[in-house]
Amino acid sequence: MLERGPCLYHCVVLALGLQESILAAACSRIGRRVLHVDRRSYYGGNWASFTFSGLLSWIEEYKQGSVVSEETSTWSSEIQENEEAILLNKAADRTITNVEVFCYVSADSEEGGEVGEAGALEKQLQTLACAAGTENIDPSETENQEGQSDAAPEGELPSEHPKASDLVSSTQEEDPSALSLEGNQSVSGAGDQAPAAELPKVPEPKKKALTYAEIVKGGRRFNIDLVSKLFYSRGTLVDLLIKSNVSRYAEFKNVTRILAFQDGKVEQVPCSRADVFADKQLTVVEKRMLMKFLTFCMEYEQHPEEYSDFKEKTFSEFLRTKKLTGSLQHFVLHSIAMVSESASIMDGLKNTQHFLQCLGRYGNTPFLFPLYGLGEIPQCFCRMCAVFGGIYCLRHSIQCLVIDRDSKRCVALLDRCGEPVFNPLVVDQRTSLNPRCNLKQRREISRAVLITDRSVFKADSNQQVSLLTMPPSEGRSAVRVIELSSSSMTCMPGTYLVHLTSPSVRSAKEDLEPIVSQLFIQYSEDDTGCALNTEEEEKPRLLWALYFNMRDSSGVDRSLYEGLPDNVYVCSGADPALGSDCAVKQAESIFCQLFPEAEFCPPAPNPEDIVYDADGSQPGDAGFGTPVEAEAKPEEDAAHGEEREGETAETKEEGSGTRKEEEVETLEPQTETCSSADPTPPNKTEQA
């Protein structure tokens, strides 16, 4: 019989998604003992980022089903008479479905041989169905090409990444400008050559075709997100990163441009005042009308008479009354407010105001993107949890929850060996609960990940990070397109990583393939030998594509889980929205239910502000709960201040993940107070 011992943990969190990671960090920060468990071997769950080889291994995992079989005989005898068990992990993870892979580039390497990497798939011109096999793996080729998912189980965040000079394909050797990492730098491949007028008949050299073998070789340069999102500069997640001081663990890049698709072509949307007046395609009248409308949206609460008659109408109908041209209406509706034609006027005004309020905080657009992918953010919160005493256990499967029949509460969880009693438990939406806890309603997200050879919108710089919204059509919702260049540290130089996201209607391929065909053309080995029209030449070539559906349970209320124990809380997965407000609000909501009187993610102390005793030991409660305020003498205060000033320029926190390849954004505006004990903001991350 299982012995009921004392609580070893205040909170046990299953899975390492964004909500679970934020919640674990918040609990650990106030001094609670946290056990964070995941049956997988990598951080992030469905919010993870993978290298190219790691993504291929992830695809193979879902192709094989990864069914977890557990023997009940090892624990069934440990259940007492007044208890019952809810089995977990009885079936495979069903949150990812309809996985389809397409490869359009040549599989041959320059030397004529094949290049293999762990988890690499064979190149096929047709879809690589779930029954397809993988390539043979050559250990000599894969020795130094382990993916991010292989390094994650060690419990450390990736602190070193290959430099741009490590993996340079023949394409980048011909075009040195592809290695430029300055997002706002004008890049021209022919800057040092003679003017075109001197050699009018000499054709420009063609780029060498990129092969699948080169993509596999440079696979460690990719950081491919399963969930594609951006951060509003004044959104809840950015505010939480600043408040909790977790932002010191990551670096960010400002999204450089907002794009729109209109009349069959891609156009750049003027967002700020400077963009509006610098735009050469808008007339003077259009500029004035647009600025007048955007100014009204910033202060629309002060002018209710302007929209009081339209409260029962849609935002698109309201735009038609503002004397905006069709092009400007399209920009505002789909690229600034980012709402549908049927959205209410209040939703449209609120979204437009939020968009405008986020401008200028970190750049010329409202959005930020984390370097090395969105998967860095759950890892940052996991690091904070570990710093304050959280315990992490990956590749560890929980067999069942033990439920007391009288109190209807979960009193223990059991793995193969059994675990002592604990208090609250948080499980994520991937956990296979008893059928009585299954969801009554489910939604899905259609996702596509593309590797292309050029940007969808040509510009002077090839290091852009772009957001494009494809308007909805009959039978299809709006599709969000995020295009990342190598300056975001998510793809190899000479390529672009494109993410497509929309609510699902059918399978991901059926939902998103029409959009892909509008923006891209499939790479063909015969392109060099056939003439293409001007429109086809301007379109990027599609080198590789992945389609899959992901479950969206963000709209499922707790009441829809039948028979859920009182102290078991379920986190939903990713939602199709552009921001991460839903994840932060859900984590905060669960935290407030667990600890109503505690502060959610209070500011963490800076290492240089921690005061140690004479023997070098730290005060018992420093950093947990309410910060311990040491009584320092004036002369000691001055001495410590001088020491900190001298150490600030030399000290850099170990594991902060600072990379020197690029000048990036740091989430530490001067107006923010990062510590309740010390108003001085922490040292900014070093900038290149």
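Residues numbered from 1 in each chain as written. Predicted model: local features only at pLDDT ≥ 70, side-chain atom pairs only at ≥ 80, totals over all residues. Heavy atoms only, no water.

1. Overview of the overall build of the protein chain
- Across its full length, the protein chain holds 17 helices and 22 strands.
- Relative to its full complement of 688 residues, the protein chain shows a buried share of 53%.
- Sequence separation of 24 or more characterises 76% of the internal contacts of the protein chain that already satisfy a separation of 6 or more. (Helix = DSSP H or I, 4+ residues; strand = E, 2+ residues; numbered from the N terminus. Buried < 20%, exposed > 50% of the residue type's maximum accessible area, 1.4 Å probe, protein only. Contact = heavy atoms within 4.5 Å.)

2. Observations regarding the side chain of Ser-466
- Relative to the elements of secondary structure, Ser-466 occurs in strand β17 (residues 466–470).
- Accessibility expressed as a relative area gives 3% for Ser-466, which makes it buried.
- Among the polar contacts listed, one links the side chain of Ser-466 to the side chain of Arg-257, at a separation of 2.6 Å.
- In this view, Ser-466 contacts Val-255, Arg-257, Leu-259, Val-481, Ile-482 and Glu-483; residues no more than four positions away in its chain are not counted. (Polar contact = N/O pair within 3.5 Å; in protein donor to acceptor, adjacent residues only side chain to side chain.)

3. Considering the confidence of the model for the protein chain
- For the protein chain, per-residue confidence averages 74 on the pLDDT scale, and residues scoring 70 or more make up 64% of the total.
- pLDDT under 50 marks residues 617–663. Its contacts with residues more than four places away, or in other chains, come to 59 contacts.
- For the stretch residues 669–688, pLDDT sits under 50, and the model shows 37 contacts to residues farther than four places along the chain or on other chains. (pLDDT = per-residue confidence, 0-100.)

4. Examining helix α2 (residues 52–64)
- The end-to-end C-alpha distance of α2, which contains 13 residues, comes to 19 Å, matching closely the 18 Å that a straight helix rising 1.5 Å per residue would cover.
- Burial of α2 is extensive: 10 of the 13 residues sit out of reach of the surface.
- Among the residues of α2, those classed as buried are Phe-52, Ser-53, Gly-54, Leu-55, Leu-56, Trp-58, Ile-59, Glu-60, Tyr-62 and Lys-63. (Expected span 1.5 Å × (residues − 1).)

5. Brief notes about the side chain of Ser-553
- As for its position among the elements, Ser-553 is in the loop between β21 (541–552) and β22 (568–571).
- A polar contact of 3.5 Å, which involves the side chain of Ser-553, links it to the backbone nitrogen of Gly-573.

6. Section: the packing of aromatic side chains
- For the structure on display, the rule yields 21 aromatic pairs.
- When the centroid spacing of 6.0 Å and the interplanar angle of 55° are considered together, the rings of Tyr-43 and Tyr-392 count as tilted. Placement of the pair is Tyr-43 in the loop between β2 (34–38) and β3 (49–50) and Tyr-392 in strand β12 (residues 391–394), with a sequence separation of 349 residues.
- Each ring, one from Phe-52 and one from Phe-222, has its centre 5.9 Å from the other, and the planes form 45°; the classification is tilted. (Phe/Tyr/Trp six-rings, centres within 6.5 Å; stacked < 30°, edge-to-face > 60°.)

7. Section: the packing of helix α7 (residues 236–244) against helix α16 (residues 581–594)
- Interhelical geometry of α7 versus α16 gives an angle of 55° and a closest axis separation of 8 Å. As the angle between them shows, α7 and α16 are arranged oblique. Residue-level contacts link Thr-236, Leu-237 and Leu-240 of α7 to Asp-581, Val-584 and Lys-585 of α16. (Axes fitted to C-alpha atoms, helices over the stretch in contact; angles between N-to-C directions. Parallel < 35°, antiparallel > 145°, perpendicular 65-115°, else oblique.)

8. Describing the packing of α7 against helix α13 (residues 376–387)
- Between α7 and α13, the shortest axis-to-axis distance is 12 Å and the interhelical angle comes to 30°. With respect to each other, α7 and α13 are oriented roughly parallel. Every pair of crossing elements has a handedness; the one defined by α7 and α13 is left-handed. The segment α7 lies against α13, with Leu-237, Leu-240, Leu-241 and Ser-244 engaging Ile-377, Phe-381 and Met-384. (Left-handed = near helix turned anticlockwise from the far one by under 90°.)

9. Concerning the pairing of β17
- The element β17 is extensively covered by neighbouring structure, given that five of its five residues are classed as buried.
- Here four bridges tie strand β9 (residues 257–262) to β17, and the two strands are oriented parallel to one another. The partner of Leu-259 across the bridge, within β17, is Leu-468. (Pairing = 2+ DSSP bridges.)

10. Considerations on the nonpolar core
- In this structure, Phe-52, Trp-58, Phe-293, Phe-315, Leu-500, Trp-544 and Leu-546 are the most contacted members of the largest nonpolar core, which totals 149 residues.
- If one sorts the elements of this core by residue count, β21 sits on top with eight residues.
- By size, the runner-up hydrophobic cluster in this structure holds 19 residues, among which are Val-37, Leu-413, Leu-564 and Val-568. (Core = buried A, V, L, I, M, F, W, Y, C linked by side-chain atoms within 4.5 Å.)

11. Quick word on the sheet that holds strand β14 (residues 409–414)
- With antiparallel pairing, the three strands of this open sheet are ordered in space as β4-β13-β14. Two strands lie at the open edges of the sheet, namely β4 (83–87) and β14, each paired on one side alone. With strand direction ignored, the average angle separating the axes of adjacent strands in the sheet is 30°.
- For strand β13 (residues 400–404) and β14, the ladder comprises five bridges, and the chain directions are antiparallel. Counted as the bridge partner of Cys-400 is Leu-414 from β14.

12. So, the sheet that holds strand β7 (residues 231–232)
- If you trace the three strands from one edge of the open sheet to the other, you get β7-β11-β8, paired in antiparallel fashion. One side of each edge strand has no neighbouring strand; the edge strands of this open sheet are β7 and β8 (252–254).
- Pairing of β7 with strand β11 (residues 367–370), which is carried by two bridges, proceeds in the antiparallel orientation. The residue of β11 that forms the bridge with Phe-231 is Leu-368.

13. What to know about the pattern of salt bridges
- Under the counting rule described, the total for this entry stands at nine salt bridges.
- Of the charged contacts in the structure, one is a salt bridge between Lys-229 and Asp-575, with a shortest N-O distance of 3.4 Å. With a gap of 346 residues between them, Lys-229 in the loop between β6 (224–225) and β7 and Asp-575 in the loop between β22 and α16 connect regions that are remote in the sequence.
- Asp-575 gets classed as buried once you look at its relative accessible area, which sits at 10%.
- Of the charged contacts, one joins Arg-443 and Asp-552 as a salt bridge, the two residues approaching to 3.7 Å between their closest N and O atoms. Highlighted residues: Arg-443 in strand β16 (residues 443–452) and Asp-552 in strand β21, separated in sequence by 109 residues.
- Taking relative accessible area as the criterion, Arg-443 reaches 45% and is therefore assigned partly exposed. (Salt bridge = Lys/Arg side-chain N within 4 Å of Asp/Glu carboxyl O.)

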